[in-house]
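Working through the structure, step by step
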Amino acid sequence: MAKQPDSDSFMDMFGKFGRDLKVPNVDIETILAHHRKNLEALEKSARASAAGASSLLSRQREMLQDTLREVTDMAQSYRAPGNPQELMSKQTEFARKSFEAALKNASEVAELVKKSGTESVDILRTRIKEAMEEIRAGYDKK
C-alpha cells in the first residue's frame with residue numbers, strides 16, 4: 001500500500017521545500033510569515049463579507065415581513081364596508097406609505113452593502129500596506 005502523505009499544511013510543506021533547497025540569502029521563514037499574514041487577511045476579509053451578507057439577508061427578511069404585514073392590513077381594510085372615496089383615500093395612503101418604505105429600505109440596504117464592502121476592502125488595504133512595509137524593510141536590510 002502507498003504511504004499516506006503527512007498531514008502538513010501547505011505552508012509547512014512549502015517551508016520544508018525551501019529549507020531542503022538550501023537557497024542562499026533567502027529567509028524562507030520570513031517569506032512564509034509574509035504569506036501567512038496574507039492568508040489571514042484574506043480570511044478576515046471573507047469573514048467580514050460573510051457577516052455583512054448575513055446581516056443584509058436578515059434585514060431584508062425583516063423588511064419583507066413588514067411589507068407583508070402592511071399588505072395584509074390593507075387587504076383587510078378592503079373588506080370593511082365603506083364608500084368609494086374612503087377606499088380611494090386608503091389606497092392612496094397605502095401607496096404613499098409603500099413608496100416611502102421602499103425608498104427607506106433601499107437606502108438602508110445600500111448602506112449595509114457599502115459598510116460590508118468597505119470593511120472587507122479595508123482589511124485587505126491594511127494588509128497591502130503592511131506587506132509593502134515588510135518588503136521595504138527587507139530591502140533596507142540588504
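So, a few notes on the structure that sits alongside this text. Quantities reported herein were computed from a predicted structural model and do not represent experimental measurements. (Residues numbered from 1 in each chain as written. Predicted model: local features only at pLDDT ≥ 70, side-chain atom pairs only at ≥ 80, totals over all residues. Heavy atoms only, no water.)

1. Digging into the overall build of the protein chain
Using the following cut-off: Helix numbers and strand numbers start at the N terminus; a helix is a DSSP run of H or I with at least 4 residues, a strand a run of E with at least 2. Three exposure classes are used, based on accessible area relative to the maximum for each residue type with a 1.4 Å probe and protein chains only: buried under 20%, partly exposed in between, and exposed over 50%. Here, residues are in contact when the closest pair of their heavy atoms is within 4.5 Å. The Shrake-Rupley method, run with a 1.4 Å probe sphere, supplies the accessible areas, and residue values consider only the shown protein chains as cover.
Helix and strand counts for the protein chain stand at three helices and zero strands. Shown N-terminal to C-terminal, the secondary structure of the protein chain runs as helices and strands in the order α-α-α. Counting all 142 residues of the protein chain, 15% fall into the buried class. In the protein chain, the proportion of contacts linking residues at least 24 apart, taken out of those at least 6 apart, comes to 66%. Total accessible area on the protein chain stands at roughly 11400 Å², and carbon and sulfur atoms take up 61% of it.

2. A closer look at the pattern of salt bridges
Worth spelling out the cut-off: Any Lys or Arg side-chain nitrogen located within 4 Å of an Asp or Glu carboxyl oxygen qualifies as a salt bridge.
Tallied over the entire structure, the rule returns ten salt bridges. Glu-108 is the partner of Arg-59 in a salt bridge, and the nearest nitrogen-oxygen pair spans 2.5 Å. In this pair, Arg-59 sits in helix 2 (residues 28-79) while Glu-108 sits in helix 3 (residues 84-141), placing the two residues 49 residues apart along the sequence. Residue class for Arg-59 comes out buried when judged on its relative accessible area of 15%. On the basis of relative accessibility, which here comes to 25%, the residue Glu-108 falls in the partly exposed class. Across the salt bridge formed by Asp-122 and Arg-125, the nearest N and O atoms sit 2.8 Å from each other. Of this pair, Asp-122 and Arg-125 both sit in helix 3, separated by three residues, roughly a single helical turn. Looking at Asp-122, the relative accessible area reads 32%, which means it is partly exposed. A relative accessible area of 42% means that Arg-125 is categorised as partly exposed. Put simply, Lys-37, Arg-127, Glu-130 and Glu-134 are held in one network by salt bridges that share partners.

3. Notes on a nonpolar patch on the surface
Note the threshold: What makes a patch is a set of residues exposed beyond 30% relative accessible area and free of salt bridges, joined within 9 Å when like-charged and within 5 Å when nonpolar (Val, Leu, Ile, Met, Phe, Trp, Tyr).
Judged by side-chain polarity, Phe-10, Met-13, Phe-14, Phe-17, Leu-21 and Ile-31 come together as a nonpolar surface patch covering roughly 600 Å² of accessible area. No other element matches helix 1 (residues 10-21), which puts five residues into the nonpolar patch. Turning to its location among the elements, Phe-14 is positioned in helix 1.

4. Remarks on the side chain of Arg-127
Within the fold, Arg-127 resides in helix 3. Other than its neighbours up to four places away in sequence, Arg-127 contacts His-34, Lys-37, Asn-38, Ala-41 and Glu-134.

5. Describing the side chain of Ser-120
The condition that has to hold: In protein, a polar contact requires one atom able to donate a hydrogen and another able to accept it; more generally it is a pair of N or O atoms within 3.5 Å, and residues adjacent in sequence count only if both atoms are side-chain atoms.
Along the chain, Ser-120 turns up in helix 3. Since its relative accessible area comes to 9%, Ser-120 is described here as buried. Of note is the side chain of Ser-120, whose polar atom sits 3.0 Å from the side chain of Ser-49. Each residue touching Ser-120, except ones within four places of it in the same chain, is listed here: Ser-45, Ala-48 and Ser-49.

Such coordinate-based values are descriptive only and should not be taken to indicate function.
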